[in-house]
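Now for the letters of each chain:
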Amino acid sequence: MLFIDTHCHLFWNDFDHDLDDAIARAKAEGVTRIIVPGTNVETSMLAQGIAHRFEGVYFTAGVHPHDAKDLPVGIFARIEALAADPLCVAIGEIGLDYHYDFCPKEQQHEALRAQLALAKSLGLPVVLHNRESDEDLLDICREQQDGGLRGQFHCFSSSRDYAERVLDAGFHLSFTGNVTYKKSTLGDAVAVVPDGRLLVETDAPFMAPAPFRGTRNEPARIPLIAQRFAELRGQDLAHVAACTTANAVALFRLGEMRPGG
Ligand SMILES: [Zn+2]
Ligand SMILES: [Zn+2]
């Protein structure tokens, strides 16, 4: 069985001491491909460096809502330049975060709109971050949806009703370790996603699945999350592995499916 960790922040210093080992452990568990999402220009460049060092590792470039305050002129041109790298598979992570007060809402909206437009102009999917911003995020994505916008609602943590509306708007849903927690209410949302729109991620170093909750997460934990998907969906693990992997390959055009090689 092969898996793809579609969202893993390998550049945070949590991985400084064992990055090589963490990637080797992931491969031993069948997690042969990993997407490392940037959160601003600097971390997108760090993610790019890791993607170039390890086989099967890709990156995304974008400005996270936490980093969207008082953006300098020309920043999206720098994101666009990073996105020209063939190992850059999406614009992200971008989105809205109303939990923390790191950036005024209007500036978050501006950065999101600019980067959705950039993704469409480049023909790349987006990686979307959502924290307590369900309605505004979906409204803005819908407003920008002209049939050419594709992407991943990462670390999905909302209701089944919201999951259905996100699917209707044309997006993929991605879940992480919080689906394994005892008090998780995400089962209905996990179950409602069709086979063709489901993705799996660790969001490492955060969100370690049970029984590792509270420890540093890493890509080798992907099968534990996929196993929970299998239980919630009434499918076997091999089926979950096959469809989540195929979905990630298609959405992010990984490897041989990338046009031009
Ligand atoms: Zn996020
Ligand atoms: Zn993230």
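Residues numbered from 1 in each chain as written. Chains lettered and ligands numbered in written order. Predicted model: local features only at pLDDT ≥ 70, side-chain atom pairs only at ≥ 80, totals over all residues.

### Here we look at the confidence of the model for the protein chain
Detailed reading of the predicted coordinates is not advisable wherever pLDDT is low.
Next, step 1: Looking at the protein chain, pLDDT values average 96 and 98% of them are 70 or higher.
Next, step 2: Considering only residues more than four positions removed or in separate chains, one finds that residues 257-261, a stretch of pLDDT under 50, has 4 contacts. (pLDDT = per-residue confidence, 0-100. Contact = placed C-beta atoms within 7 Å.)

### Notes on the pairing of strand β4 (residues 88-97)
Next, step 1: Of all 10 residues that make up β4, 10 are buried, and the element is covered over most of its length.
Next, step 2: As judged from the 3 bridges shared by strand β3 (residues 57-61) and β4, these two strands associate in the parallel manner. Bridging across to β4, Thr60 finds its partner in Ala90.
Next, step 3: Sheet topology places β4 next to strand β5 (residues 126-131); 5 bridges connect them, and they run parallel. Counted as the bridge partner of Gly95 is His129 from β5.
Next, step 4: Regarding topology, helix α4 (residues 105-122) serves as the crossover connection from β4 to the parallel β5, and that connection is right-handed. (Buried ≥ 20, exposed ≤ 12 C-beta atoms within 10 Å, placed from the backbone. Helix = DSSP H or I, 4+ residues; strand = E, 2+ residues; numbered from the N terminus. Pairing = 2+ DSSP bridges. Right-handed = clockwise from strand over helix to strand, strands pointing away.)

### Focus: the environment of Gly56
Next, step 1: Locating Gly56 in the fold gives a position in the loop between α2 (41-53) and β3.
Next, step 2: Counting along the chain gives 146 residues from Gly56 to Thr202, while the straight-line C-alpha distance between them is 16 Å.
Next, step 3: Gly56 has contacts with Thr32, Arg33 and Ile34, leaving out every residue within four places of it along the chain.

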